[in-house]
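Geometric and topological summary
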Amino acid sequence: MDRFINNLRVLWRAERAIADIKLRNALAQSGLNAAAVLLALFGLMLFEVAAFFALREIWGTVMSALALGAANFIIAGLLALIAARKKPGRELELANEIQASAMEALQTDARAFQQEFSFIGRSFKHPMESVVPLIVPLATMAINAIRKPKGEAKP
């Protein structure tokens with residue numbers, strides 16, 4: 001029973017570690033995405049104003065705005081790709097291995113408990129089956145008690 005409880009504790013800790021690692025990873029990705037958006041907004045706003053005035057003299061107003069809009073989409077796409085490629089690392093692998101080991105140990109313990117207590121369940125379903133193994137020794141003892149002469153002392 002102690003092993004079962006210990007395995008439950010290990011499983012609980014592994015689950016908590018996995019959830020914590022995933023949460024930290026999601027927060028880091030969200031933080032990177034938010035920082036990327038803010039930097040893109042402030043930096044590109046000023047850059048675009050300067051670029052727009054420079055390009056307006058060469059391409060005209062409409063073409064300058066279109067070129068700067070396309071550049072914004074390309075930069076935003078690159079930042080989103082960088083954020084998507086961020087991986088949690090070896091911590092998650094280790095936590096997943098511990099979780100798998102704990103689950104396997106719990107399943108083994110559960111099978112052992114099931115085998116130990118299946119006799120009790122059968123005895124409630126079929127009480128005669130649980131009495132049958134006791135009949136032979138009891139019958140042997142009763143026959144031996146009947147056969148002994150009354151004058152013979154018990155050993």
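Residues numbered from 1 in each chain as written. Predicted model: local features only at pLDDT ≥ 70, side-chain atom pairs only at ≥ 80, totals over all residues. Heavy atoms only, no water.

1. With respect to the packing of aromatic side chains
We count it as follows: Two aromatic rings, drawn from Phe, Tyr or Trp (for Trp, its six-membered ring), form a pair once their centres lie within 6.5 Å of each other, and the interplanar angle then sorts them: stacked below 30 degrees, edge-to-face above 60, tilted otherwise. Summary of the burial criterion: residues with accessible area below 20% of their type's maximum are buried, those above 50% are exposed, and those between are partly exposed, where the area comes from a 1.4 Å probe applied to protein chains only.
Summed over the entire model, instances satisfying the criterion amount to 1 aromatic pair. Judged by centre distance (5.9 Å) and plane angle (65°), the rings of F52 and F53 are edge-to-face. Overall, the relative accessible area of 44% leaves F53 in the partly exposed class.

2. With respect to a nonpolar patch on the surface
Defined as follows: Surface patches are drawn from residues lacking salt bridges whose relative accessible area is over 30%; two like charges belong together within 9 Å, two nonpolar side chains (Val, Leu, Ile, Met, Phe, Trp, Tyr) within 5 Å. The Shrake-Rupley method, run with a 1.4 Å probe sphere, supplies the accessible areas, and residue values consider only the shown protein chains as cover. Any carboxyl oxygen of Asp or Glu within 4 Å of a side-chain nitrogen of Lys or Arg constitutes a salt bridge here. Secondary structure elements are taken from DSSP: a helix is a run of H or I of four residues or more, a strand is a run of E of two residues or more, and numbering for both begins at the N terminus.
Together, V37, L38, L41, F42, M45, V49 and F53 give the surface a local cluster of nonpolar side chains, amounting to about 700 Å² of exposed area. Secondary-structure assignment places F42 in helix α1 (residues 2-58). The exposure class assigned to F42 is exposed, which follows from its relative accessible area of 54%.

3. Describing the packing of α1 against helix α2 (residues 61-84)
A pair of packed helices can be characterised by two numbers: the angle between their axes and the separation between those axes. What counts is decided by this rule: Between the N-to-C directions of two axes lies an angle of 0 to 180 degrees, each axis being a line fitted to C-alpha atoms and, for a helix, fitted only over the stretch in contact. An angle counts as roughly parallel when it lies under 35 degrees, as roughly antiparallel when it exceeds 145, as roughly perpendicular when it falls between 65 and 115, and as oblique in every other case. Crossing handedness is read from the near helix: turned anticlockwise from the far helix by less than a right angle, it gives a left-handed crossing, and turned clockwise, a right-handed one. For this analysis, residues touch if any pair of their heavy atoms sits within 4.5 Å. For this classification, Asp, Glu, Lys and Arg are treated as charged, while Ala, Val, Leu, Ile, Met, Phe, Trp, Tyr, Cys and Pro are nonpolar and the rest, including Gly, are polar.
Interaxial distance between α1 and α2 falls to 10 Å at its minimum, and their mutual angle equals 160°. Comparing their axes, α2 and α1 come out roughly antiparallel. Seen from above, α1 lies across α2 with right-handed handedness. Along the contact surface, α1 presents Q29, N33, A36, L44, E48, A51, F52, L55 and R56, while α2 presents T61, S64, A65, L68, N72, I75, L79, A83 and A84. Partitioning the contact of α1 with α2 into residue classes produces 11 nonpolar, 5 polar and 2 charged.

4. Some words on the side chain of S64
If you trace the backbone, S64 turns up in helix α2. For S64, a relative accessible area of 0% translates into the label buried. Excluding anything up to four places from it in sequence, S64 contacts F52, L55, R56 and W59.

5. Some points on the side chain of N25
Along the chain, N25 turns up in helix α1. A residue is classified by how much of its surface remains accessible, and N25, at 15% relative accessible area, is buried. Ignoring sequence-local partners within four residues, the contact set of N25 consists of K86, K87 and P88.

6. Observations regarding α1
Note the threshold: Multiplying 1.5 Å by the helix residue count minus one yields the expected span of that helix. At every residue, the bend is computed as the angle between two fitted axes, covering the seven residues ending there and the seven beginning there respectively.
Relative to the 84 Å expected for 57 residues at 1.5 Å per residue, α1 spans 80 Å between its end C-alpha atoms, a close match to the ideal helical length. Where α1 bends most, at L44, the angle is about 30°. Immediately beyond the C-terminal end of α1, within one or two residues, lies G60, with a positive phi of roughly 100°.

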